[in-house]
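Structural overview for review
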Amino acid sequence: PAPAPTTATATGDWDDIDAAVRTALRTCQLASESRKAWRTEPQGEETLIEYHLLTVRGDTGLLRARNLRDGSILLECRIGVLGSAEAQRCVIDHVTERLKALHNTDYAPLTP
């Protein structure tokens, strides 16, 4: 159990967040059921994205990514009713690693 969501601040390009999340979820054996995004300004870029997750065992989860506008992204993940420290850490670590690999580049190979 994890009493609180797992959080981390990642360095990366905001426009790579969806690609980083897709790769991380595949690696951690989770699926994204839906994606919701919010903007601070009506015509501005998205500043907060929520991914509603589903594990292979049917547990639900939530991953939030917030654009801090200084080149960093705040990540917060909670999986399951009681929390799953292992699953949450898997998602956060893999999103962080993928954002780092994609930072200031158009593409990066996937690492096994």
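These remarks concern the structure in this document. All of these numbers come straight from a predicted model, not from anything done at the bench. (Residues numbered from 1 in each chain as written. Predicted model: local features only at pLDDT ≥ 70, side-chain atom pairs only at ≥ 80, totals over all residues. Heavy atoms only, no water.)

1. What to know about the sheet that holds strand β5 (residues 72-79)
- Ordered by their spatial adjacency, 5 strands build an open sheet running β1-β5-β4-β3-β2, and the pairing between neighbours is antiparallel. Each of the sheet's edge strands pairs with one partner strand only, and the pair in question is β1 (6-11) and β2 (30-39). Taken pair by pair, the neighbouring strands of this sheet meet at an average axis angle of 20 degrees, ignoring direction.
- Pairing geometry for β1 and β5, over 6 bridges, is antiparallel. What sits directly across from Thr-7, in β5, is Glu-76.
- Where helix α1 (residues 17-27) meets the sheet, it contacts β2, β3 (46-55), β4 (60-67) and β5, and its direction lies at approximately 15 degrees from that of β3.
- Its contacts with the sheet put helix α2 (residues 85-102) on β1, β2, β4 and β5, and the angle it makes with β5 is roughly 155 degrees. (Pairing = 2+ DSSP bridges. Helix = DSSP H or I, 4+ residues; strand = E, 2+ residues; numbered from the N terminus. Axes fitted to C-alpha atoms, helices over the stretch in contact; angles between N-to-C directions. Contact = heavy atoms within 4.5 Å.)

2. Side note on the state of the cysteines
- The full count for this structure, using the stated rule, is 1 disulfide.
- With a sulfur-sulfur separation of 2.1 Å, Cys-28 is cross-linked through a disulfide to Cys-90. Taking the sign of the torsion about the S-S bond as the criterion, the disulfide between Cys-28 and Cys-90, at about -95 degrees, is left-handed. With a gap of 62 residues between them, Cys-28 in the loop between α1 and β2 and Cys-90 in helix α2 connect regions that are remote in the sequence.
- Residue classification places Cys-28 among the buried positions, given a relative accessible area of 14%.
- Among the residues examined, Cys-90 registers a relative accessible area of 23% and is labelled partly exposed.
- You can see Cys-77 has no disulfide; the closest cysteine sulfur is in Cys-28, sitting 8.5 Å from it. (Disulfide = S-S within 2.5 Å. Buried < 20%, exposed > 50% of the residue type's maximum accessible area, 1.4 Å probe, protein only.)

3. Thoughts on the side chain of Arg-98
- Tracing the sequence through the fold places Arg-98 in helix α2.
- The charged side chain of Arg-98 is buried without a salt bridge, its nearest counter-charge being Asp-16 at 8.3 Å.
- At a separation of 2.9 Å, a polar atom in the side chain of Arg-98 contacts the main-chain carbonyl oxygen of Ala-108.
- In this structure the side chain of Arg-98 is engaged in a polar contact, spanning 3.2 Å, whose partner is the backbone oxygen of Pro-109.
- Among all residues touching Arg-98, those that are not within four sequence positions of it are Ala-20, Thr-23, Ala-108, Pro-109 and Leu-110. (Lys, Arg positive; Asp, Glu negative; His and termini not counted. Salt bridge = Lys/Arg side-chain N within 4 Å of Asp/Glu carboxyl O. Polar contact = N/O pair within 3.5 Å; in protein donor to acceptor, adjacent residues only side chain to side chain.)

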